[in-house]
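Reading the structure
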Amino acid sequence: MTGQPVLVFDGDCGFCTTSVRFAERRVGVRARVVPWQFADLRALGVTRERAEREVLWVENGRVYGGAQAVARLLISAGLPWSPLGLVLRVPPFRWVARGVYRLVAANRHRLPGGTPACALSSKPAAPSGERR
């Protein structure tokens, strides 16, 4: 898939929806934003299982998940956000970002905006990054 990047998130999770809406308002998401429940996952090259577990950034046929999806979002937003996104791609910051993302994902049902639906798929994916 080419063209505009796509940000895929869990539309049933209140915390995820709140986070994406915040990013749209404050960061400026330069992507088509779609809940995985309404996305053509096959066309994006994404499995339902992966989409249930982590936010995804799909661009030029590549899929980035978790903290690396967030990094891509920040990079694409431009200044002042892009330097932070670039830092999140470099070890050891990349490793820390992955750990923080996994911690948040595992506890999103406990965070502001979280709902019981968030707990249903709160198990984080295996190492986030590009398509496996």
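Residues numbered from 1 in each chain as written. Predicted model: local features only at pLDDT ≥ 70, side-chain atom pairs only at ≥ 80, totals over all residues. Heavy atoms only, no water.

1. Quick look at the packing of aromatic side chains
Under the defined criterion, the tally for this structure stands at zero aromatic pairs. The residue whose ring lies beneath Arg72 is Tyr64, and the NZ or CZ to ring-centre distance is 4.0 Å. (Phe/Tyr/Trp six-rings, centres within 6.5 Å; stacked < 30°, edge-to-face > 60°. Lys NZ or Arg CZ within 6 Å of the ring centre and 35° of its normal.)

2. Quick look at the sheet that holds strand S3 (residues 56-59)
Strands sit in the order S2-S1-S3-S4 across an open sheet of four strands; the sheet is mixed. At either margin of the open sheet sits one strand with a lone partner, and together these are strand S2 (32-35) and strand S4 (62-65). Neighbour-to-neighbour, the strand axes of the sheet open up by a mean angle of 20 degrees, direction not taken into account. One ladder, built from four bridges, connects S3 with S4; its direction is antiparallel. In the strand pairing of S4, Val58 is matched with Val63. Relative to strand S1 (residues 6-9), helix H1 (residues 14-27) is tilted by about 155 degrees, and along the sheet it contacts S1 and S2. (Pairing = 2+ DSSP bridges. Helix = DSSP H or I, 4+ residues; strand = E, 2+ residues; numbered from the N terminus. Axes fitted to C-alpha atoms, helices over the stretch in contact; angles between N-to-C directions. Contact = heavy atoms within 4.5 Å.)

3. Notes on the side chain of Asp10
Along the chain, the position of Asp10 falls in the loop between S1 and H1. Here Asp12 takes part through its backbone nitrogen, which lies 2.9 Å from a polar atom of the side chain of Asp10. (Polar contact = N/O pair within 3.5 Å; in protein donor to acceptor, adjacent residues only side chain to side chain.)

4. Brief notes about unusual backbone geometry
Comment: phi is negative for the bulk of residues other than glycine, and the bulk of peptide bonds are trans. Along the chain, Leu79 connects to Pro80 via a cis peptide bond; the corresponding omega equals 5 degrees. Relative to the elements of secondary structure, Pro80 occurs in the loop between helix H4 (67-77) and helix H5 (82-87). For the bond from Pro91 to Pro92, the omega torsion is 5 degrees, close enough to zero to count as cis. One non-glycine residue, Asn60, lies in positive phi territory at about 50 degrees. Mapped onto the elements of the fold, Asn60 is located in the loop between S3 and S4.

5. Quick look at the pattern of salt bridges
A side chain with one charge may pair with a side chain of the opposite charge, provided their charged atoms come close. Under the defined criterion, the tally for this structure stands at four salt bridges. Of the charged contacts, one joins Asp10 and Arg108 as a salt bridge, the two residues approaching to 3.3 Å between their closest N and O atoms. Residue Asp10 is located in the loop between S1 and H1, and its partner Arg108 is located in the loop between helix H6 (93-106) and helix H7 (116-120); the two are separated by 98 residues in the primary sequence. The exposure class assigned to Asp10 is buried, which follows from its relative accessible area of 5%. Taking the shortest distance from any N to any O, the salt bridge between Arg21 and Glu24 comes out at 2.9 Å. One end of the pair is Arg21 and the other is Glu24, both in helix H1 and three residues apart, which spans about a single turn. (Salt bridge = Lys/Arg side-chain N within 4 Å of Asp/Glu carboxyl O. Buried < 20%, exposed > 50% of the residue type's maximum accessible area, 1.4 Å probe, protein only.)

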